[in-house]
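The primary structure of each chain is shown beneath.
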Amino acid sequence: MSKPYVYITRSLPEDVVNQFRDIFDVHMWDYKEKPVDRETLLQEATKADALITMLSDKVDEELLNECQQVKVIANLAVGYDNINVKKAEEKGITITNTPDVLTETTADLTFSLLMATARRIVEAAEYVKEGQWQNWAPLLLAGNDIHHKTIGIVGMGRIGEAVAKRATGFYMDILYHNRSRKERAEQELGAKYVSFEDLLEQSDYVVCLAPLTKETKGMFDQKAFEKMKSTAIFVNASRGANVDEEALYKALEKGEIKAAGLDVFAQEPISSDHPLLQLENVVALPHIGSSSEETRKNMMELCFENIQRVWNGQEAKTKVNP
Ligand code: DGY
């Protein structure tokens, strides 16, 4: 029997892929950073038994209609807003994601971004490298404290809880807002459930970790930024489309909030002339939440494991659709 044809939409490291070449006939897009072009992806979908996709690939109705024999699409991300899950379900295609293996790494990045923004780390490092440091001064690049402040986490999933856990080490008060109450976070971490409005009004750090859904899209709008403290720092490490970026820009420019740390944007990659990137009080990263060597390898292996399980007639380990 011929081996199942697996198409991967980026070039992944051979040491990961080689582990699976005995079982699968693996084909990959040639580039590590450049996304697969649409035409190639549509063609590959007609041949493939399984796909490994990236969050930058649109797995929409058009693509799913090209899938003649695809049984499973393994998305290399915990978020799967790039996939039309309903349509996939109708076609009997299993969709999988990569939760758990990236939780701690993404929480590390989220907390680093919060700290970098609060303590103006990027600005300060550039200041030294650019030779601007002439004298010590009492308020030179003074940032804001993190310890003993209030963090408000919007989206208390696995990553939210892991960020909350880190916040306990900084003696922070933890507020959260989520679709449902999280007993464990309340009992073990002392997190307090509040309304979205209360969270915005009371937090020194507002951290968005909510998945992108119909309900969360654009939830950080002008009204939301107006409610925040003028000293508040906004951090987004989930999806850019949860934020109205024009409203965020205005809030930062007018001093309605103090600063923002952003790992995600409505349009990725964000263009270097985007107004948000012109602001000194913005720390911007290229969507690297789960990007550690160890975690990305684990995510890749999990994608293959999911494909393997579906191929063997077993339930996928981390299936998205019911
Ligand atoms: C994900 O997995 O959805 C993250 O955004 C990747 O960093």
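Since this is a predicted model, take the numbers as computed values, not measurements.

What follows concerns the overall build of the protein. On a plain count of helices and strands, the protein comes out with twelve helices and twelve strands. The globule rule puts the C-alpha radius of gyration for 322 residues at 20 Å, and the 21 Å found for the protein is close to it. For the protein, the C-alpha atoms occupy an extent of roughly 70 × 50 × 30 Å along the three principal directions. In the protein, buried positions account for 41% of the 322 residues.

Another aspect to go through is the UniProt feature "domain: D-isomer specific 2-hydroxyacid dehydrogenase catalytic" (unreviewed entry) in the protein. Taken from the UniProt record, the annotation "domain: D-isomer specific 2-hydroxyacid dehydrogenase catalytic" (unreviewed entry) applies to residues 6-321. A distance of 20 Å separates the end C-alpha atoms of residues 6-321, which is 35% helix and 14% strand.

What follows is about the sheet that holds strand 10 (residues 233-236). Judged by pairing direction, the sheet is parallel, and its seven strands sit side by side in the order 8-7-6-9-10-11-12 without closing on themselves. The outermost strands of the open sheet, each flanked by one partner alone, are strand 8 (192-193) and strand 12 (282-284). Sheet analysis places strand 7 (residues 173-177) next to strand 8, joined by two bridges and oriented parallel. Bridging from a neighbouring strand, Leu 175 pairs with Lys 192 of strand 8.

Relative to the elements of secondary structure, Leu 12 occurs in the loop between strand 1 (5-8) and helix 1 (14-17). Residue classification places Leu 12 among the buried residues on the basis of 20 C-beta atoms within 10 Å. In this structure the C-alpha to C-alpha distance between Leu 12 and Met 300, which are 288 residues apart in sequence, comes to 8.2 Å. Ignoring any residue separated from it by four or fewer positions in sequence, one finds Leu 12 in contact with Val 17, Met 28 and Met 300.

Under the UniProt annotation, "domain: D-isomer specific 2-hydroxyacid dehydrogenase NAD-binding" (unreviewed entry) lies at residues 111-289. In residues 111-289, helix accounts for 32% and strand for 15%; the two terminal C-alpha atoms are 10 Å from one another.

For helix 11 (residues 245-253), the complete set of buried residues consists of Glu 245, Leu 248, Ala 251 and Leu 252. Within helix 11, the buried residues cover an arc of 120° as seen down the axis, which keeps them to one side. Lining the buried residues of helix 11 we find helix 10 (222-227), strand 11 (259-262) and strand 12. Taken from the residues just after helix 11, Gly 255 is the one with a positive phi, measuring 75°.

Conventions used here
Residues numbered from 1 in each chain as written. Predicted model: local features only at pLDDT ≥ 70, side-chain atom pairs only at ≥ 80, totals over all residues. Helix = DSSP H or I, 4+ residues; strand = E, 2+ residues; numbered from the N terminus. Rg over C-alpha atoms; globule rule 2.2 N^0.38 Å. Buried ≥ 20, exposed ≤ 12 C-beta atoms within 10 Å, placed from the backbone. UniProt positions renumbered as here; feature names shortened; annotations may be inferred. Pairing = 2+ DSSP bridges. Contact = placed C-beta atoms within 7 Å. Arc of directions from axis to C-beta.

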